[in-house]
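# Structural description and commentary
If you want the building blocks of each chain, they are given just below.
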Amino acid sequence: MTRYEVASERTAELSHLMDVRDLTRSEFDALFDAQTVMAGARATLAEAGQLHLIEVQS
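Residues numbered from 1 in each chain as written. Predicted model: local features only at pLDDT ≥ 70, side-chain atom pairs only at ≥ 80, totals over all residues. Heavy atoms only, no water.

### Thoughts on the nonpolar core
The condition that has to hold: The term nonpolar core refers to a set of buried residues drawn from Ala, Val, Leu, Ile, Met, Phe, Trp, Tyr and Cys, joined through side-chain atoms within 4.5 Å. The buried label applies to any residue whose accessible area, calculated with a 1.4 Å probe on protein chains only, is under 20% of its type's maximum; exposed applies above 50%, and partly exposed to all values in between. Strands here mean DSSP runs of E at least two residues long; helices mean DSSP runs of H or I at least four residues long; both are numbered from the N terminus. The contact definition used throughout considers only heavy atoms, calling two residues in contact when any of these lie within 4.5 Å.
Residues Tyr-4, Ala-7, Ala-34, Met-38, Ala-41, Leu-45, Leu-51 and Ile-54 constitute the largest nonpolar core, which totals eight residues. Listing elements by their share of this core, those giving two or more residues are α1 (2-20) and α2 (25-47). Looking at which element gives the most residues to this core, the answer is α2, with four residues. Look past the residues within four positions of Leu-51 in its chain and what remains in contact with it is Arg-42, Leu-45 and Ala-46.

Below you can see the structure in the form of C-alpha cells.
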C-alpha cells in the first residue's frame, strides 16, 4: 500500500506539471515509472484481496 501511495503522490505531482508546461524527458520517465509502480502495487493488492485499501469509497 505504501508503494502505491508514494507513486500516486509522485504521479499527481508530475501530472500537475503537465497542466502548466511540457514535461522534460526525465520528468516524463519519472511519471511513467511512478505509474508502472502504481500498476504493480495495485495488482499485488488485488491478488491479496486488499483493493479496499486504495480505492475511493463512494
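### A word on the side chain of Glu-27
Looking at the secondary structure, you find Glu-27 in helix α2. A residue is classified by how much of its surface remains accessible, and Glu-27, at 15% relative accessible area, is buried. Excluding residues that lie within four positions of it along the chain, Glu-27 makes contacts with Leu-14, Leu-17, Arg-21 and Asp-22.

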